[in-house]
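Chain and residue survey
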Amino acid sequence: MWKRIDSLPAALIAIITFFTWSNLLHLTIRGDGFVYLVKRIQEAYWNPPASFAGLEVGSVLLSKIMTNFFGVNISLYFLAELIIIIFINVLFFYMVLVLTKKKIIAFAAALFLAV
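Summarised in this report is the structure supplied together with it. (Residues numbered from 1 in each chain as written. Predicted model: local features only at pLDDT ≥ 70, side-chain atom pairs only at ≥ 80, totals over all residues. Heavy atoms only, no water.)

Where nonpolar side chains cluster on the molecular surface, the patch consists of Ile15, Phe18 and Phe19 and spans about 310 Å² of accessible area. Looking at the element boundaries, phenylalanine 18 is found in helix α1 (residues 7-21). Looking at phenylalanine 18, the relative accessible area reads 35%, which means it is partly exposed. (Patch = residues over 30% accessible without salt bridge, like charges linked within 9 Å, V, L, I, M, F, W, Y side chains within 5 Å. Areas by Shrake-Rupley, 256 points an atom, 1.4 Å probe, with all protein chains shown as cover. Salt bridge = Lys/Arg side-chain N within 4 Å of Asp/Glu carboxyl O. Helix = DSSP H or I, 4+ residues; strand = E, 2+ residues; numbered from the N terminus. Buried < 20%, exposed > 50% of the residue type's maximum accessible area, 1.4 Å probe, protein only.)

Here you go:
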């Protein structure tokens, strides 16, 4: 079981990560970053054989999932990304804590990842 004291560094990591990455909510996509959100482009991507071997398969799959939730509202994409980044950093803290059993090392490693 997790001790109560372990939640304080994890909460601090979450707060630091939020303030570090909060500018993400004010970004706009330029260039072709928005292209995979268009349904016609997604359908055209899957037509060639072996499309799962393409370099952009992750972008196409993620955009297909995200457009079902958010449509083309890009600010919601960035909010979801911010939440995922915070979640990854907190989980990384707990993983390093389990491996090393030292809170200061786990906090320092997660802080390095967060910033």
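Tallying each qualifying case throughout the model produces two aromatic pairs. Considering the side-chain rings of phenylalanine 18 and phenylalanine 19, the 5.4 Å spacing of their centres and the 70° angle between planes classify their relative orientation as edge-to-face. When the centroid spacing of 5.2 Å and the interplanar angle of 65° are considered together, the rings of phenylalanine 93 and tyrosine 94 count as edge-to-face. Take phenylalanine 93 and tyrosine 94: they sit in the same class, and that class is buried. (Phe/Tyr/Trp six-rings, centres within 6.5 Å; stacked < 30°, edge-to-face > 60°.)

Turning next to the nonpolar core. Ranked by size, the top nonpolar core spans 15 residues in total, and within it Ala10, Leu24, Val90, Phe93, Tyr94, Leu97 and Ala106 carry the most contacts. Contributions of two or more residues to this core are made by α1, α4 (74-100) and α5 (103-114). The leading source of residues in this core is α4, at nine residues. (Core = buried A, V, L, I, M, F, W, Y, C linked by side-chain atoms within 4.5 Å.)

Here α4 is 27 residues long and its end C-alpha atoms lie 39 Å apart, about the 39 Å a rise of 1.5 Å per residue gives. Considered for burial, the residues of α4 that qualify are Tyr77, Phe78, Ala80, Leu82, Ile85, Ile86, Asn89, Val90, Phe93, Tyr94, Val96 and Leu97. One or two steps after α4, the chain reaches lysine 101, where phi turns positive at roughly 65°. (Expected span 1.5 Å × (residues − 1).)

Positive phi is not limited to glycine here, since lysine 101 has a value of about 65°. Classification of lysine 101 as exposed rests on a relative accessible area of 66%.

Our focus in this paragraph is the packing of α4 against α5. To describe two helices that pack against each other, one gives the angle between their axes and the distance between the axes. With their axes 8 Å apart at the nearest point, α4 and α5 run at an angle of 150° to one another. Here α5 runs roughly antiparallel to α4, going by the angle between their axes. The crossing of α4 and α5 is right-handed. Along its contact with α4, which presents Ile88, Asn89, Phe92, Phe93, Val96, Leu97 and Thr100, the element α5 presents Lys103, Ile105, Ala106, Phe107, Ala109, Ala110, Leu113 and Ala114. Of the residues belonging to the contact of α4 with α5, the class tally is 12 nonpolar, two polar and one charged. (Axes fitted to C-alpha atoms, helices over the stretch in contact; angles between N-to-C directions. Parallel < 35°, antiparallel > 145°, perpendicular 65-115°, else oblique. Left-handed = near helix turned anticlockwise from the far one by under 90°. Contact = heavy atoms within 4.5 Å. Nonpolar A, V, L, I, M, F, W, Y, C, P; charged D, E, K, R; others polar.)

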